[in-house]
Amino acid sequence: GHVYQVNNRIFRTVTEFGAPAFDKVLETDFLQNLIENKDLVPFEIIQDPDILSQFPDAVYVLEHPRLKYVSFPYEWSFSQLKQAALLHLDIALKALEAGITLSDASTYNIQFIGSRPIFIDHLSFKPYVDREYWMGHRQFCEQFLNPLLLRSKLGVAHNAWFRGTQEGISNEDLSLLLPI
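Presented here is an overview of the structure given in this document.

The next point concerns the nonpolar core. Generally speaking, a soluble globular protein has its nonpolar side chains buried in company with each other. Counting 29 residues, the largest nonpolar core has F30, L31, I91, I110, F119, F125 and F144 as its most contacted members. When residues of this core are traced back to their parent elements, those giving at least two are α1 (19-26), α2 (30-36), α4 (78-97), β5 (100-102), β6 (110-113) and α5 (137-154). Core analysis: the next-biggest nonpolar cluster, separate from the first, contains six residues, V6, F11, I46 and F55 among them.

What follows is about the sheet that holds strand β2 (residues 9-14). Overall, antiparallel pairing links the four strands, which are arranged β1-β2-β4-β3 in an open sheet. Here the strands that pair on one side only, and so sit at the sheet edges, are β1 (2-6) and β3 (44-45). Across five bridges, β1 lies against β2 in antiparallel orientation. Bridge pairing in β2 places Q5 opposite I10. Packing against the sheet, α1 makes contact with β2, β3 and β4 (60-64), and its axis sits at approximately 60° to β4.

What follows concerns the pairing of β6. The pairing of β6 with strand β7 (residues 116-119) spans four bridges and is classified as antiparallel. Each bridged residue has a counterpart across the sheet, and for I113 the counterpart in β7 is R116. In this antiparallel pair of consecutive strands, β6 and β7, the connection spans two residues, and G114 shows a positive phi of 65°.

Evaluated as defined, the whole model comprises 11 aromatic pairs. Relative to F43, the ring of F22 lies with its centre 6.3 Å away and its plane at 55°, an arrangement referred to as tilted. Of this pair, F22 sits in helix α1 while F43 sits in the loop between α2 and β3, placing them 21 residues apart in sequence. Look at Y108 and F162: their rings are 6.5 Å apart centre to centre, the planes differ by 85°, and that puts the pair in the edge-to-face class. Here the residue Y108 occupies a position in the loop between β5 and β6, and F162 occupies one in helix α6 (residues 159-165), the gap between them amounting to 54 residues. Since its relative accessible area comes to 24%, Y108 is described here as partly exposed.

Criteria and thresholds
Residues numbered from 1 in each chain as written. Predicted model: local features only at pLDDT ≥ 70, side-chain atom pairs only at ≥ 80, totals over all residues. Heavy atoms only, no water. Core = buried A, V, L, I, M, F, W, Y, C linked by side-chain atoms within 4.5 Å. Buried < 20%, exposed > 50% of the residue type's maximum accessible area, 1.4 Å probe, protein only. Helix = DSSP H or I, 4+ residues; strand = E, 2+ residues; numbered from the N terminus. Pairing = 2+ DSSP bridges. Contact = heavy atoms within 4.5 Å. Axes fitted to C-alpha atoms, helices over the stretch in contact; angles between N-to-C directions. Phe/Tyr/Trp six-rings, centres within 6.5 Å; stacked < 30°, edge-to-face > 60°.

See below:
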């Protein structure tokens, strides 16, 4: 899928490739539960033909509220990064209970509304396959865990390093710095 801004409205399209997984996730009440808990940005599936015609390749078009402020992980404080990591793990565990998994673990899938983290990527969910390895594990380590370890164990702020790589701190780089 893709995200578009049209006339100050935010739309997320679901492509033919992503639609089967999205359908399976929609069949559960998982997304609605996350929204009710304020852990996921609410969305509406658009039915308006005028809007749908703007996205001819989309199977679904979702609209969600425009966030007042967008921040990036390299701007976050240690405590914000920690809150975001804990939200991500909490959502991942709830997803497994619902027979769903996260397809990735990007810090960019989380934003803050005030001081509260919220997940924003409705298409990061897919049905869980028994014994499937979590494809987002390395990304979680590099974008959440490693920056937190860098600060907590070495006293080095993650911000400049993260801003320089955009994808976090590699496991290889962190292993050279930590004497464990």
